[in-house]
Amino acid sequence: MTLSGVVVERLPLLENRSRGPSPVDSPAQAPQVYTVLVGNRDWMRQNGMDVSEDVDQKMMEQERKGHTAVLVAIDGVVTGMLAVADAVKPEARLAVYTLQKMGLDVFMLTGDNRRTAEAIAAEVGIKKNRIQAEVLPSQKAEKIKRLQRKDRKVAMVGDGINDTPALAQADVGIAIGSGTDVAVEAAQIVLISNDLIDVVAALLLSKKTVRRIRINFMFAIIYNLIGIPIAAGALRPLGLAIDPWMGAAAMALSSVSVVTSSLMLKTFRKPTRRDLETSEYLNSLDSRIDPDADSDLRSGSMSPISDGVIEFEGDDSLARRLRDMARRNRSHMEKDYRAVTIA
(Lines give C-alpha, C1' and ligand atoms only; values in the text may rest on other atoms or scores of the structure.)
Protein backbone atom coordinates (compact mmCIF):
# COMPACT_ATOMS: atom_id res chain seq x y z
CA MET A 1 0.00 0.00 0.00
CA THR A 2 1.38 3.39 -0.98
CA LEU A 3 0.29 6.64 0.63
CA SER A 4 1.41 9.60 -1.44
CA GLY A 5 1.29 13.15 -0.23
CA VAL A 6 0.76 12.39 3.46
CA VAL A 7 0.57 15.68 5.34
CA VAL A 8 1.93 15.86 8.87
CA GLU A 9 1.01 19.06 10.69
CA ARG A 10 2.50 19.80 14.08
CA LEU A 11 0.05 21.38 16.49
CA PRO A 12 0.81 22.83 19.92
CA LEU A 13 -0.36 20.92 22.98
CA LEU A 14 -3.98 21.44 23.98
CA GLU A 15 -3.06 22.89 27.36
CA ASN A 16 -0.82 25.48 25.71
CA ARG A 17 -3.54 26.42 23.26
CA SER A 18 -6.06 26.88 26.07
CA ARG A 19 -3.92 29.49 27.81
CA GLY A 20 -2.91 31.32 24.67
CA PRO A 21 0.38 31.48 22.85
CA SER A 22 3.52 30.90 24.86
CA PRO A 23 6.72 32.81 24.30
CA VAL A 24 8.63 29.51 24.16
CA ASP A 25 6.42 27.98 21.47
CA SER A 26 8.18 27.50 18.18
CA PRO A 27 6.95 29.59 15.28
CA ALA A 28 4.35 28.08 12.97
CA GLN A 29 5.83 25.64 10.48
CA ALA A 30 4.57 24.71 7.06
CA PRO A 31 2.99 21.23 6.77
CA GLN A 32 5.48 18.55 5.77
CA VAL A 33 4.57 16.06 3.03
CA TYR A 34 5.82 12.46 3.11
CA THR A 35 5.48 9.41 0.86
CA VAL A 36 4.64 6.37 2.98
CA LEU A 37 4.90 2.77 1.75
CA VAL A 38 3.37 -0.12 3.76
CA GLY A 39 3.69 -3.82 2.83
CA ASN A 40 5.80 -6.96 2.93
CA ARG A 41 9.40 -7.36 1.82
CA ASP A 42 8.45 -8.22 -1.76
CA TRP A 43 6.31 -5.10 -2.07
CA MET A 44 9.18 -2.99 -0.75
CA ARG A 45 11.65 -4.46 -3.23
CA GLN A 46 9.22 -3.99 -6.09
CA ASN A 47 9.17 -0.29 -5.22
CA GLY A 48 12.94 0.00 -5.03
CA MET A 49 13.28 -0.15 -1.22
CA ASP A 50 16.39 -1.74 0.28
CA VAL A 51 15.49 -4.33 2.92
CA SER A 52 18.64 -4.91 4.95
CA GLU A 53 19.71 -8.29 6.28
CA ASP A 54 19.04 -7.22 9.87
CA VAL A 55 15.49 -6.18 9.03
CA ASP A 56 14.91 -9.41 7.13
CA GLN A 57 16.15 -11.40 10.11
CA LYS A 58 13.78 -9.56 12.44
CA MET A 59 10.92 -10.30 10.06
CA MET A 60 11.76 -14.01 9.99
CA GLU A 61 11.79 -14.11 13.80
CA GLN A 62 8.25 -12.77 13.87
CA GLU A 63 7.12 -15.08 11.05
CA ARG A 64 8.37 -18.13 12.95
CA LYS A 65 6.06 -17.09 15.77
CA GLY A 66 3.10 -17.09 13.41
CA HIS A 67 3.02 -13.30 12.98
CA THR A 68 2.78 -11.38 9.73
CA ALA A 69 5.57 -8.82 9.48
CA VAL A 70 4.71 -5.56 7.72
CA LEU A 71 7.34 -2.96 6.81
CA VAL A 72 6.84 0.81 6.79
CA ALA A 73 8.97 3.05 4.57
CA ILE A 74 8.95 6.85 4.59
CA ASP A 75 10.43 8.77 1.68
CA GLY A 76 12.22 5.70 0.32
CA VAL A 77 13.72 4.55 3.63
CA VAL A 78 12.48 1.58 5.69
CA THR A 79 11.79 3.09 9.10
CA GLY A 80 9.73 0.52 10.98
CA MET A 81 8.13 -2.91 11.15
CA LEU A 82 4.73 -4.01 12.43
CA ALA A 83 3.96 -7.58 13.52
CA VAL A 84 0.29 -8.49 13.27
CA ALA A 85 -1.40 -11.82 13.89
CA ASP A 86 -4.88 -13.31 14.08
CA ALA A 87 -5.45 -15.19 17.31
CA VAL A 88 -5.86 -18.91 16.65
CA LYS A 89 -9.22 -20.11 17.89
CA PRO A 90 -8.75 -22.21 21.03
CA GLU A 91 -10.79 -25.05 19.55
CA ALA A 92 -8.93 -25.08 16.21
CA ARG A 93 -6.49 -27.86 17.11
CA LEU A 94 -9.25 -30.07 18.48
CA ALA A 95 -11.40 -29.48 15.39
CA VAL A 96 -8.53 -30.36 13.01
CA TYR A 97 -7.64 -33.46 15.03
CA THR A 98 -11.26 -34.67 15.01
CA LEU A 99 -11.62 -34.11 11.27
CA GLN A 100 -8.45 -36.09 10.65
CA LYS A 101 -9.71 -38.92 12.86
CA MET A 102 -12.87 -38.96 10.72
CA GLY A 103 -10.65 -39.82 7.75
CA LEU A 104 -10.64 -36.36 6.17
CA ASP A 105 -7.56 -34.73 4.64
CA VAL A 106 -7.19 -31.23 6.08
CA PHE A 107 -5.43 -28.53 4.02
CA MET A 108 -4.57 -24.93 4.79
CA LEU A 109 -4.96 -22.26 2.11
CA THR A 110 -3.65 -18.87 3.18
CA GLY A 111 -2.30 -15.67 1.74
CA ASP A 112 0.27 -15.39 4.54
CA ASN A 113 3.93 -16.15 3.95
CA ARG A 114 5.27 -19.68 4.27
CA ARG A 115 6.91 -19.29 7.67
CA THR A 116 3.79 -17.82 9.26
CA ALA A 117 1.63 -20.52 7.70
CA GLU A 118 3.91 -23.29 8.96
CA ALA A 119 3.89 -21.86 12.49
CA ILE A 120 0.08 -21.72 12.56
CA ALA A 121 -0.20 -25.17 10.98
CA ALA A 122 2.11 -26.66 13.61
CA GLU A 123 -0.03 -25.09 16.31
CA VAL A 124 -3.28 -26.58 15.03
CA GLY A 125 -1.88 -29.91 13.84
CA ILE A 126 -1.84 -29.60 10.04
CA LYS A 127 0.97 -31.36 8.17
CA LYS A 128 3.54 -29.30 6.29
CA ASN A 129 2.77 -30.97 2.98
CA ARG A 130 -0.85 -29.84 3.36
CA ILE A 131 0.00 -26.13 3.48
CA GLN A 132 -0.58 -23.78 0.54
CA ALA A 133 0.83 -20.37 1.46
CA GLU A 134 1.05 -17.01 -0.31
CA VAL A 135 -1.95 -17.78 -2.52
CA LEU A 136 -4.31 -15.20 -4.00
CA PRO A 137 -8.12 -15.58 -3.77
CA SER A 138 -8.29 -16.90 -7.34
CA GLN A 139 -5.46 -19.33 -6.61
CA LYS A 140 -7.41 -20.77 -3.68
CA ALA A 141 -10.22 -21.68 -6.07
CA GLU A 142 -7.67 -23.19 -8.47
CA LYS A 143 -6.22 -25.37 -5.71
CA ILE A 144 -9.70 -26.71 -5.02
CA LYS A 145 -10.22 -27.41 -8.74
CA ARG A 146 -7.04 -29.49 -8.78
CA LEU A 147 -8.34 -31.64 -5.93
CA GLN A 148 -11.70 -32.02 -7.67
CA ARG A 149 -9.98 -33.20 -10.85
CA LYS A 150 -8.64 -36.08 -8.77
CA ASP A 151 -12.26 -37.09 -8.01
CA ARG A 152 -12.06 -35.78 -4.47
CA LYS A 153 -14.98 -34.10 -2.72
CA VAL A 154 -13.87 -30.81 -1.20
CA ALA A 155 -15.39 -28.82 1.65
CA MET A 156 -14.06 -25.30 2.19
CA VAL A 157 -14.32 -23.42 5.49
CA GLY A 158 -13.82 -19.66 5.39
CA ASP A 159 -15.15 -16.34 6.57
CA GLY A 160 -13.46 -13.59 4.55
CA ILE A 161 -13.86 -11.88 1.21
CA ASN A 162 -10.71 -13.61 -0.03
CA ASP A 163 -12.35 -16.99 0.68
CA THR A 164 -15.41 -16.30 -1.48
CA PRO A 165 -14.11 -17.80 -4.78
CA ALA A 166 -12.98 -20.95 -2.97
CA LEU A 167 -16.28 -21.26 -1.09
CA ALA A 168 -18.18 -21.04 -4.37
CA GLN A 169 -15.88 -23.55 -6.11
CA ALA A 170 -15.94 -26.20 -3.37
CA ASP A 171 -18.46 -29.03 -3.38
CA VAL A 172 -19.56 -27.80 0.05
CA GLY A 173 -18.84 -24.26 1.19
CA ILE A 174 -18.99 -23.70 4.94
CA ALA A 175 -19.01 -20.08 6.13
CA ILE A 176 -18.60 -18.84 9.68
CA GLY A 177 -21.65 -16.83 10.69
CA SER A 178 -19.51 -13.94 11.96
CA GLY A 179 -17.77 -13.67 8.56
CA THR A 180 -18.40 -11.25 5.73
CA ASP A 181 -21.75 -11.11 3.95
CA VAL A 182 -20.12 -12.08 0.65
CA ALA A 183 -18.70 -15.27 2.15
CA VAL A 184 -22.03 -16.15 3.74
CA GLU A 185 -23.81 -15.72 0.39
CA ALA A 186 -21.30 -17.94 -1.43
CA ALA A 187 -21.47 -20.83 1.05
CA GLN A 188 -23.98 -23.67 1.18
CA ILE A 189 -23.70 -24.07 4.96
CA VAL A 190 -23.56 -21.16 7.41
CA LEU A 191 -22.50 -21.81 11.00
CA ILE A 192 -24.44 -19.57 13.36
CA SER A 193 -21.85 -19.61 16.13
CA ASN A 194 -18.17 -18.77 15.83
CA ASP A 195 -17.10 -22.23 17.03
CA LEU A 196 -15.09 -24.51 14.72
CA ILE A 197 -16.45 -27.56 16.54
CA ASP A 198 -19.67 -26.81 14.63
CA VAL A 199 -17.85 -27.87 11.45
CA VAL A 200 -17.48 -31.34 12.97
CA ALA A 201 -21.11 -31.26 14.11
CA ALA A 202 -22.32 -30.27 10.63
CA LEU A 203 -20.47 -33.18 9.02
CA LEU A 204 -21.72 -35.67 11.61
CA LEU A 205 -25.30 -34.46 11.22
CA SER A 206 -25.11 -34.63 7.42
CA LYS A 207 -23.79 -38.22 7.55
CA LYS A 208 -26.52 -39.21 9.97
CA THR A 209 -29.16 -37.58 7.76
CA VAL A 210 -27.98 -39.39 4.63
CA ARG A 211 -27.84 -42.66 6.53
CA ARG A 212 -31.41 -42.15 7.76
CA ILE A 213 -32.58 -41.41 4.20
CA ARG A 214 -31.07 -44.68 2.99
CA ILE A 215 -32.66 -46.62 5.84
CA ASN A 216 -36.07 -45.12 5.05
CA PHE A 217 -35.64 -45.85 1.36
CA MET A 218 -34.74 -49.49 1.95
CA PHE A 219 -37.55 -49.89 4.47
CA ALA A 220 -40.10 -48.49 2.01
CA ILE A 221 -38.88 -50.80 -0.78
CA ILE A 222 -39.03 -53.93 1.36
CA TYR A 223 -42.41 -52.92 2.82
CA ASN A 224 -43.94 -52.41 -0.62
CA LEU A 225 -42.34 -55.50 -2.14
CA ILE A 226 -44.08 -57.56 0.51
CA GLY A 227 -47.30 -55.58 0.95
CA ILE A 228 -48.32 -54.93 -2.67
CA PRO A 229 -48.40 -58.61 -3.79
CA ILE A 230 -50.37 -59.53 -0.67
CA ALA A 231 -52.86 -56.71 -1.31
CA ALA A 232 -53.20 -57.88 -4.94
CA GLY A 233 -54.21 -61.36 -3.75
CA ALA A 234 -50.99 -63.28 -4.30
CA LEU A 235 -51.72 -65.38 -1.22
CA ARG A 236 -55.39 -65.95 -2.00
CA PRO A 237 -54.76 -69.57 -3.20
CA LEU A 238 -53.49 -70.27 0.31
CA GLY A 239 -56.66 -68.87 1.81
CA LEU A 240 -55.04 -65.61 2.94
CA ALA A 241 -56.76 -62.47 1.71
CA ILE A 242 -57.06 -58.95 3.07
CA ASP A 243 -59.89 -56.47 2.73
CA PRO A 244 -59.35 -53.15 0.91
CA TRP A 245 -59.45 -51.19 4.15
CA MET A 246 -56.61 -53.31 5.47
CA GLY A 247 -54.51 -52.38 2.42
CA ALA A 248 -55.26 -48.69 2.94
CA ALA A 249 -54.34 -48.96 6.63
CA ALA A 250 -51.09 -50.74 5.75
CA MET A 251 -50.23 -48.00 3.28
CA ALA A 252 -50.86 -45.31 5.89
CA LEU A 253 -48.77 -47.26 8.38
CA SER A 254 -45.91 -47.26 5.88
CA SER A 255 -45.94 -43.45 5.73
CA VAL A 256 -46.18 -43.14 9.50
CA SER A 257 -43.22 -45.48 10.02
CA VAL A 258 -41.04 -43.52 7.58
CA VAL A 259 -41.92 -40.20 9.25
CA THR A 260 -41.25 -41.68 12.70
CA SER A 261 -37.87 -42.95 11.51
CA SER A 262 -37.01 -39.49 10.19
CA LEU A 263 -37.97 -37.89 13.51
CA MET A 264 -35.24 -39.95 15.13
CA LEU A 265 -32.84 -37.28 13.85
CA LYS A 266 -34.11 -35.07 16.67
CA THR A 267 -32.08 -37.25 19.02
CA PHE A 268 -28.84 -35.92 17.50
CA ARG A 269 -26.78 -33.91 19.95
CA LYS A 270 -23.88 -31.73 18.90
CA PRO A 271 -20.58 -33.02 20.32
CA THR A 272 -18.97 -30.79 22.90
CA ARG A 273 -15.30 -30.15 23.48
CA ARG A 274 -15.40 -32.46 26.50
CA ASP A 275 -16.78 -35.24 24.31
CA LEU A 276 -14.00 -34.79 21.73
CA GLU A 277 -11.08 -34.26 24.13
CA THR A 278 -10.23 -37.91 24.54
CA SER A 279 -7.11 -39.25 26.21
CA GLU A 280 -5.76 -40.01 22.73
CA TYR A 281 -6.13 -36.34 21.78
CA LEU A 282 -4.38 -35.20 24.94
CA ASN A 283 -1.56 -37.64 24.21
CA SER A 284 -1.22 -36.12 20.74
CA LEU A 285 -0.33 -32.71 22.13
CA ASP A 286 3.35 -32.45 21.30
CA SER A 287 4.51 -30.11 24.08
CA ARG A 288 6.81 -30.18 27.04
CA ILE A 289 6.26 -29.27 30.64
CA ASP A 290 7.24 -25.79 31.81
CA PRO A 291 9.49 -25.80 34.88
CA ASP A 292 7.33 -23.00 36.31
CA ALA A 293 4.07 -24.89 35.75
CA ASP A 294 1.57 -25.50 38.52
CA SER A 295 3.30 -27.37 41.35
CA ASP A 296 0.11 -29.31 42.08
CA LEU A 297 0.43 -31.05 38.72
CA ARG A 298 3.97 -32.14 39.53
CA SER A 299 3.21 -33.45 43.00
CA GLY A 300 2.70 -37.18 42.56
CA SER A 301 0.48 -36.98 39.49
CA MET A 302 3.24 -36.89 36.94
CA SER A 303 6.45 -38.78 36.32
CA PRO A 304 9.22 -37.61 33.98
CA ILE A 305 10.12 -39.93 31.12
CA SER A 306 12.77 -39.84 28.44
CA ASP A 307 13.58 -36.76 26.39
CA GLY A 308 12.04 -34.38 28.89
CA VAL A 309 8.50 -35.55 28.18
CA ILE A 310 6.05 -35.62 31.06
CA GLU A 311 3.52 -38.42 31.49
CA PHE A 312 0.38 -37.69 33.50
CA GLU A 313 -1.07 -40.57 35.47
CA GLY A 314 -4.39 -40.44 37.26
CA ASP A 315 -8.11 -40.97 37.01
CA ASP A 316 -10.79 -39.23 34.98
CA SER A 317 -10.94 -36.34 37.46
CA LEU A 318 -7.31 -35.48 36.73
CA ALA A 319 -7.98 -35.53 33.00
CA ARG A 320 -10.93 -33.18 33.51
CA ARG A 321 -8.76 -30.91 35.63
CA LEU A 322 -6.15 -30.73 32.88
CA ARG A 323 -8.82 -29.87 30.32
CA ASP A 324 -10.25 -27.11 32.53
CA MET A 325 -6.81 -25.62 33.13
CA ALA A 326 -6.08 -25.75 29.41
CA ARG A 327 -9.25 -23.80 28.68
CA ARG A 328 -8.47 -21.14 31.29
CA ASN A 329 -4.90 -20.62 30.15
CA ARG A 330 -4.57 -22.44 26.82
CA SER A 331 -1.61 -20.50 25.51
CA HIS A 332 0.35 -21.63 28.57
CA MET A 333 -0.94 -25.14 29.07
CA GLU A 334 -0.62 -26.39 25.50
CA LYS A 335 3.11 -25.82 25.84
CA ASP A 336 3.20 -27.47 29.26
CA TYR A 337 2.19 -31.07 28.72
CA ARG A 338 2.69 -33.66 26.06
CA ALA A 339 1.47 -37.08 27.15
CA VAL A 340 -1.58 -37.81 29.25
CA THR A 341 -2.50 -41.35 30.17
CA ILE A 342 -5.51 -42.32 32.25
CA ALA A 343 -4.83 -45.27 34.52
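Structure shown above.
Residues numbered from 1 in each chain as written. Predicted model: local features only at pLDDT ≥ 70, side-chain atom pairs only at ≥ 80, totals over all residues. Heavy atoms only, no water.

Participant: Any chance you could break down the nonpolar core for me, citing the residues and the numbers?
Facilitator: One finds Met108, Ile126, Ile131, Leu191, Leu196, Val199 and Tyr281 to be the most contacted residues of the largest nonpolar core, which totals 26 residues. Those elements giving two or more residues to this core turn out to be α4 (92–101), α5 (114–124), β8 (172–176), α9 (197–231) and α12 (279–284). The biggest single contributor to this core is α4, with 6 residues. If we skip the residues at most four places from it in the chain, isoleucine 131 touches Met108, Arg114, Ala117, Glu118 and Ala121. Within the second largest apolar cluster, 9 residues are counted, among which are Leu147, Met156, Ala166 and Ala183. (Core = buried A, V, L, I, M, F, W, Y, C linked by side-chain atoms within 4.5 Å. Buried < 20%, exposed > 50% of the residue type's maximum accessible area, 1.4 Å probe, protein only. Helix = DSSP H or I, 4+ residues; strand = E, 2+ residues; numbered from the N terminus. Contact = heavy atoms within 4.5 Å.)

Participant: Any chance you could break down the packing of helix α3 (residues 53–64) against α5 for me, citing the residues and the numbers?
Facilitator: Following both chains from N to C, one finds α3 and α5 inclined at 25°, their axes separated by 7 Å at the closest point. Judged by the inter-axis angle, α3 sits roughly parallel to α5. Taken together, the residues of α5 that come into contact with α3 (itself represented by Met60, Glu63 and Arg64) are Arg115, Thr116 and Ala119. Classifying every residue of the contact of α3 with α5 by side-chain character gives 2 nonpolar, 1 polar and 3 charged. (Axes fitted to C-alpha atoms, helices over the stretch in contact; angles between N-to-C directions. Parallel < 35°, antiparallel > 145°, perpendicular 65-115°, else oblique. Nonpolar A, V, L, I, M, F, W, Y, C, P; charged D, E, K, R; others polar.)

Participant: I'd love a proper account of the side chain of arginine 41, names of residues and values included.
Facilitator: Assignment of secondary structure puts arginine 41 in helix α2 (residues 41–46). Within the structure, the side chain of arginine 41 is placed 2.7 Å from the side chain of aspartate 56, a separation counted as a polar contact. With residues up to four places along the chain from it excluded, the contact list for arginine 41 reads Val51, Asp56, Met59, Met60, Glu63, Leu71 and Arg115. (Polar contact = N/O pair within 3.5 Å; in protein donor to acceptor, adjacent residues only side chain to side chain.)

Participant: Summarise unusual backbone geometry; cite the residues concerned and give the values.
Facilitator: Even without being a glycine, aspartate 75 presents a positive backbone phi close to 55°. Within the fold, aspartate 75 resides in the loop between β3 (68–74) and β4 (77–84). A relative accessible area of 45% places aspartate 75 in the partly exposed class. At glutamate 134, a position not held by glycine, the phi torsion is positive, near 55°. Among the secondary structure elements, glutamate 134 is positioned in the loop between β6 (131–132) and α6 (137–149).

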